[in-house]
Every structure is written in C-alpha cells, then in structure tokens.
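Below are the chains, spelled out letter by letter.
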Amino acid sequence: MSDIAAAFDQALALILHADAELIAIVLLTLRVSLSAVALATLVALPLGGALALYRFPGRKALVVLLNALMGLPPVVVGLVVYLLLSRSGPLGALGLLFTPGAMIFAQFVLVTPIVAALTRQVIEDLWTEYSEQLRSLGAQPGRAVFTLIWDGRYSLLTAVMAGFGRVSAEVGAVLIVGGNIAHVTRVMTTAIALETSKGDLPLALGLGLLLIGLSIAINGAAYLLRDAARVAHG
Amino acid sequence: MAETLLRPRPDEPAAGILPLRLEGVAYAAGGQTLIGGLSFELGAGSRTLVLGPNGSGKSLLLRLCHGLIAPTEGQVRWLGPAASAARERQAMVFQRPVLLRRSALANVTYGLALRHVPRRERRERALEALQMSGLAPLAQRPARVLSGGEQQRLALARAWALRPEVLFLDEPTASLDPAAMRAVEAVIAAIHAAGSKIVMTTHDLGQARRLADEVLFLHRGRLLEHTPAERFFAAPGSAEARAFLRGELLW
C-alpha cells in the first residue's frame with residue numbers, strides 16, 4: 001500500500017514541479033500518438049467507409065481480417081517496422097529508426113485497423129438508413145462514403161478516440177523502433193517500463209497516473225466537443 | 001415565387017421521359033413473389049395515387065418505378081424522347097425523410113450538387129425551393145432538429161429543387177398530425193402545379209380523394225384497378241376495391 005500512496009505523492013510532485021524532462025516526455029508522447037492517430041484517421045475513415053459500401057469478391061474475408069488486425073500485438077508490429085526501417089531494410093534509406101518518426105509509423109500501423117474496422121461498422125449501419133435516399137438523389141458510392149463519414153462524425157470520433165487510447169497506452173512498438181533514448185524517443189510508457197525495471201516503483205506509478213490523467217483529459221475534451229456539436233447540429 | 005419555377009428553363013429540353021411503362025413486372029424475394037403481373041403505363045401531368053391495404057406492395061411498386069430495386073421479371077421502361085436521362089429527371093420522397101446532419105439549406109444544395117448544378121446556382125435554387133415549402137426562415141437550422149412536418153416539407157423542397165419531371169412519394173404524410181399533413185399536401189399541390197407528374201402512395205382515403213386524378217389499386221401484390229379517380233371512388237370495378245373503400249379490407 002505504501003508504494004501506491006507514494007505513487008500518488010510522486011504523481012503530484014511531478015505535476016507540481018513540472019520539471020523540464022518530464023514536460024518533454026509528455027509532449028513527445030502527445031506528439032507521437034496524436035500524429036499517428038491523425039494520419040491513421042485520414043487513411044482509415046475512407047478505407048472503412050469504402051469497405052462498408054462497395055461490394056466485391058473477398059469483401060467478407062477482408063472485413064474479418066480487418067477486425068482481427070484490431071488485436072495486432074504491438075511488439076510484433078514494432079518488430080516488423082524495425083525490420084522495414086533498419087539500415088538494410090527496404091525503408092532503411094529514410095533513416096527513421098530510433099526517431100519519433102519511426103514511432104509514429106509503428107503506431108500508425110497499429111491504429112489504422114482499429115479506426116478502419118470501427119468506421120466500417122458505423123458507416124455500414126448508417127448506410128442501411130441512408131441508402132435509398134442517397135441512391136434516389138443520385139449519389140455514387142464514392143460520393144456517398146464521404147457524405148456518410150460527415151454524417152457519422154460524432155460516432156466516428158469515438159472510433160478515433162478508441163484508436164488514441166490504444167496507441168497512447170502501448171509500449172512494445174515504440175520501445176522497439178524508438179529505443180527509449182532519453183530526450184529523443186522516450187515517451188511515457190517507455191519511461192514507466194524503464195523506471196519499473198530500475199526499481200523506482202513510485203516514480204513509475206506516478207508517471208502511470210499522469211498518463212491515465214492525460215488520457216482522461218483528452219477523452220473528456222473530445223466528449224464535450226461532441227456533445228456541444230450534437231446540441232448545435234442535431 | 002411560383003412564376004419563377006413555372007417559367008420554362010433553357011437548360012431543360014421540352015422533351016420528357018414519360019410515359020413510364022411496366023411490362024409483366026414481378027418482384028420476388030426469398031422464394032416468395034411479393035408483387036407480380038404488373039403491366040401499366042403512366043402518362044405525364046396527372047396525379048397517380050397508389051392505393052391498397054397494408055402489405056399490398058405499394059411501396060415496392062414505387063421503388064420498382066423509381067429504379068431503387070430491379071424487377072426479378074419484366075421490364076420498367078421510360079418511353080419519352082429523353083428516356084436516357086430518366087435517372088436525373090425523377091425524385092422520391094420517403095415516408096420517413098432521411099435528412100443529412102447539416103442545415104436545411106445545405107440539405108437542398110446537396111441534392112443539387114449531385115445533379116451537377118453549377119455551384120453559383122445552387123443556393124438560389126435551394127432558397128427558392130425552401131421558400132415554396134414555407135421553410136425559408138428555417139434555412140440555416142440544422143435539419144435534424146426540425147419538427148416531423150418540417151422535415152417532410154424539407155424532403156419535398158430537396159426533391160423539388162431538382163425540378164423532377166416525375167416525383168414519387170411514399171406515404172409522405174403517414175406519421176404527421178392534420179396541420180402538418182395539410183401543409184405537406186399544399187406543397188405537393190404546388191409541385192404538381194409547377195409541372196411535375198406525381199406518383200404517390202397513401203392509405204388515407206380522404207387524402208386520396210383530395211389529390212387523385214387516377215388510381216392504381218393494389219391487392220396482395222396484384223394490380224386490380226387502374227382507373228380515373230372519379231370512377232374509382234364512385235363505382236370501383238372489383239369486389240376488393242369496394243371492400244377497401246368501405247374500410248373492410250384490411251390486408
């Protein structure tokens with residue numbers, strides 16, 4: 001119990017002192033995860049929407065595959081991205097390994113299937129409601145996808161937040177491709193793993209509490225935004 | 001405002017897509033024929049009301065005519081000289097309007113954008129349609145917060161802005177109170193007056209008497225009558241229609 005009490009003290013102290021190193025870690029964490037989620041959203045919304053509307057051979061298999069990819073193990077993704085980005089790998093020339101760019105890349109791979117699979121479900125449900133009306137107005141599927149994404153924007157925000165929750169909490173992928181280098185690629189989860197292995201449990205737990213607090217704050221902001229928009233736009 | 005909509009428009013050729021002919025049309029699903037043996041022709045100008053008890057296939061008939069579903073047998077053909085443009089010259093209003101999560105005005109301009117109306121014309125045409133439907137003061141309101149009657153009038157305005165030669169309406173007043181129903185009927189009358197052919201289903205006999213020029217009477221997926229409204233209401237030809245008019249035919 002004393003460890004947990006000490007952890008709360010630590011978390012409080014971390015926030016109150018707000019030392020430069022911690023701030024840098026928090027900012028890098030946000031930068032990596034938010035960039036990965038933003039890029040994934042750009043790809044996953046049209047991808048999930050297209051999968052909901054277009055009918056082609058192998059579609060069902062693709063849906064099952066996409067749903068399965070939601071559970072991709074971060075360490076495996078980290079390893080594959082590591083191989084791609086390593087000096088001798090196909091993308092080695094980019095020189096991204098052990099940089100924040102590599103971490104964004106790995107998290108992008110992790111989060112895209114999640115947002116795409118959830119989008120596919122949301123848009124497919126909307127399509128049953130909108131299909132006749134949109135076809136009557138003359139909307140081709142390519143147009144309808146974007147109409148439905150816009151109309152489903154509140155539900156899709158939840159899908160995006162689910163993706164954010166996943167990447168901001170994962171440690172395996174960013175550790176492998178980032179390397180947890182102080183001041184360069186150290187994020188909150190890798191810092192927690194490091195402090196735990198060093199035996200500084202209160203500091204590790206304190207960082208953990210801070211991470212949870214950040215996640216709550218971002219989700220809360222998204223929720224309030226969605227609520228306000230819903231009241232205004234119906 | 002009515003004059004501007006009635007005015008002949010240079011972008012529209014005088015030639016139309018009507019008449020619409022159905023030849024031996026049937027639709028089956030799950031091994032069951034839901035509607036069958038349909039052969040009739042609909043001409044320009046008149047208001048055709050599709051009547052029949054629940055489950056007689058009224059909505060299905062409208063969807064087949066509008067091209068939302070393909071018949072499993074027979075053919076649905078537009079015979080007018082502009083038949084190749086049939087898709088763009090018709091519109092449909094559904095029992096439960098599906099409005100987009102955007103303003104009333106943007107719902108109307110959306111339909112115009114899909115018909116490739118130049119951007120600068122969209123707003124003007126949309127405002128005109130909203131005006132005709134009595135919704136001009138609500139143009140900037142989110143469509144989804146409008147009342148049921150306003151939503152249905154907005155759906156009509158959206159269809160009307162497309163200036164369809166044929167407008168299909170599937171029970172457009174089924175879930176509205178009497179005042180909202182009258183408002184919707186007034187908009188339908190104005191659309192008809194502006195030159196659109198109306199094809200509409202209803203289960204409300206009073207409404208059918210008010211609006212119909214001719215009647216298609218369906219029963220269990222079969223077309224039993226296709227007659228001028230006066231004759232249908234005064235002397236229906238089939239026993240089923242007589243029972244229906246007495247309120248005794250429930251399905």
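Our structure's up above, just so we're on the same page.
Residues numbered from 1 in each chain as written. Chains lettered and ligands numbered in written order. Predicted model: local features only at pLDDT ≥ 70, side-chain atom pairs only at ≥ 80, totals over all residues.

Undergrad: Let's hear about the interface of chain A and chain B: which residues, and what values?
TA: Of the residues lining the interface, 14 residues belong to chain A; the matching set on chain B comes to 16 residues. Elements that contribute at least two residues to the side of chain A that touches chain B include exactly α5 (100-137) and α6 (141-151) of chain A. Examining the composition of the side of chain A that touches chain B, we find that seven residues originate from one element, α5(A), more than from any other. (Contact = placed C-beta atoms within 7 Å. Helix = DSSP H or I, 4+ residues; strand = E, 2+ residues; numbered from the N terminus.)

Undergrad: Quick rundown of the sheet that holds strand β2 (residues 32-42) of chain B? Include the residues and the values.
TA: Residue and element names in this part refer to chain B. If you walk across this open sheet you meet the three strands as β2-β1-β4, and the pairing is antiparallel. Each edge of the sheet is formed by a strand with only one pairing partner; in this case those strands are β2 and β4 (73-78). Strand-to-strand, the axes of this sheet are offset by a mean angle of 20 degrees, without reference to chain direction. Examined bridge by bridge, strand β1 (residues 20-29) and β4 share five bridges and lie antiparallel to one another. Looking across to β4, one finds that Leu 22 is bridged to Val 76. Helix-sheet contacts for helix α2 (residues 58-66) involve β1, β2 and β4, and the interaxial angle to β1 is about 120 degrees. (Pairing = 2+ DSSP bridges. Axes fitted to C-alpha atoms, helices over the stretch in contact; angles between N-to-C directions.)

Undergrad: Describe the sheet that holds strand β8 (residues 214-219) of chain B, with residues and values.
TA: All names here are of chain B. What the six strands build is an open sheet, ordered β5-β6-β7-β3-β8-β9; its pairing is mixed. Every other strand in the sheet has two partners, leaving β5 (90-93) and β9 (222-228) as the edge strands with one partner each. Averaged over neighbouring strand pairs, the angle between their axes works out to 15 degrees when direction is ignored.

Undergrad: How would you sum up the packing of helix α2 (residues 20-53) of chain A against helix α7 (residues 153-169) of chain A? Please name residues and give values.
TA: To describe two helices that pack against each other, one gives the angle between their axes and the distance between the axes. Residues and elements named next belong to chain A. Closest axis-to-axis distance for the α2/α7 pair is 9 Å, and the angle between their directions is 140 degrees. When the axes of α2 and α7 are compared, the pair comes out oblique. Crossing angle aside, the handedness with which α2 passes α7 is right-handed. Contact residues: Thr 29, Ser 33, Ala 36, Val 37, Ala 40, Thr 41 and Leu 45 in α2; Leu 156, Val 160, Gly 163, Phe 164, Val 167 and Ser 168 in α7. Taken together, the residues of the contact of α2 with α7 break down into eight nonpolar, five polar and no charged. (Parallel < 35°, antiparallel > 145°, perpendicular 65-115°, else oblique. Left-handed = near helix turned anticlockwise from the far one by under 90°. Nonpolar A, V, L, I, M, F, W, Y, C, P; charged D, E, K, R; others polar.)

Undergrad: Outline the nonpolar core, listing residues and values.
TA: Counting 68 residues, the largest nonpolar core has Val50(B), Ala157(B) and Ala159(B) as the members making the most contacts within it. Look past the residues within four positions of Ala157(B) in its chain and what remains in contact with it is Val108(B), Ala129(B), Leu130(B), Ser133(B) and Leu135(B). With 63 residues, the next largest nonpolar core counts Ala36(A), Ala40(A), Leu175(A) and Val187(A) among its residues. (Core = buried A, V, L, I, M, F, W, Y, C linked by C-beta atoms within 7 Å. Buried ≥ 20, exposed ≤ 12 C-beta atoms within 10 Å, placed from the backbone.)

Undergrad: Provide a residue-level description of the pairing of strand β6 (residues 166-170) of chain B, including the pertinent values.
TA: All names here are of chain B. The element β6 is largely enclosed, with a buried count of five among its five residues. Along β6, one buried face is formed by Val 166, Phe 168 and Asp 170 and the opposite face, lined by Leu 167 and Leu 169, is buried too. With four bridges joining them, β5 and β6 adopt parallel strand pairing. Bridge pairing in β6 links Val 93 to Leu 169. As paired elements, β6 and strand β7 (residues 197-201) share five bridges and run parallel to each other. Residue pairing across strands places Asp 170 opposite Thr 201, the latter belonging to β7.

Undergrad: So what's going on with the environment of Glu121(B)? Residues and values would help.
TA: Within the secondary structure, Glu121(B) sits in helix α4 (residues 119-132). C-alpha separation for the pair Glu121(B) and Ala186(B), spaced 65 residues apart in sequence, amounts to 26 Å.

Undergrad: Report on helix α5 (residues 148-161) of chain B, specifying residues and quantitative values.
TA: Residue and element names in this part refer to chain B. Its 14 residues place the ends of α5 20 Å apart at the C-alpha level, agreeing with the 20 Å of an ideal helix rising 1.5 Å per residue. Those residues of α5 that fall on the buried side of the exposure criterion are Glu 150, Gln 151, Gln 152, Arg 153, Leu 154, Ala 155, Leu 156, Ala 157, Arg 158, Ala 159, Trp 160 and Ala 161. Residues of α5 that are buried make contact with β5, α3 (104-114), α4, β6 and α6 (178-193). (Expected span 1.5 Å × (residues − 1).)

Undergrad: I'd love a proper account of unusual backbone geometry, names of residues and values included.
TA: Residues and elements named next belong to chain B. In this structure, the amide linkage connecting Leu 18 to the following residue, Pro 19, adopts the cis form with an omega of 0 degrees. Along the chain, the position of Pro 19 falls in the loop between α1 (2-6) and β1. With a phi angle near 45 degrees, Glu 171 is a residue other than glycine that sits in the positive phi range. Relative to the helices and strands, Glu 171 resides in the loop between β6 and α6.

Undergrad: I'd like to hear about the packing of α3(B) against α5(B), residue by residue, with values.
TA: All names here are of chain B. Following both chains from N to C, one finds α3 and α5 inclined at 30 degrees, their axes separated by 8 Å at the closest point. For the element pair α3 / α5, the angle class is roughly parallel. When the axes of α3 and α5 are compared, the crossing they make is right-handed. For the pair α3 and α5, contact is made by Ala 104, Asn 107, Val 108, Gly 111 and Leu 112 and by Leu 154, Ala 157, Arg 158 and Ala 161, respectively.

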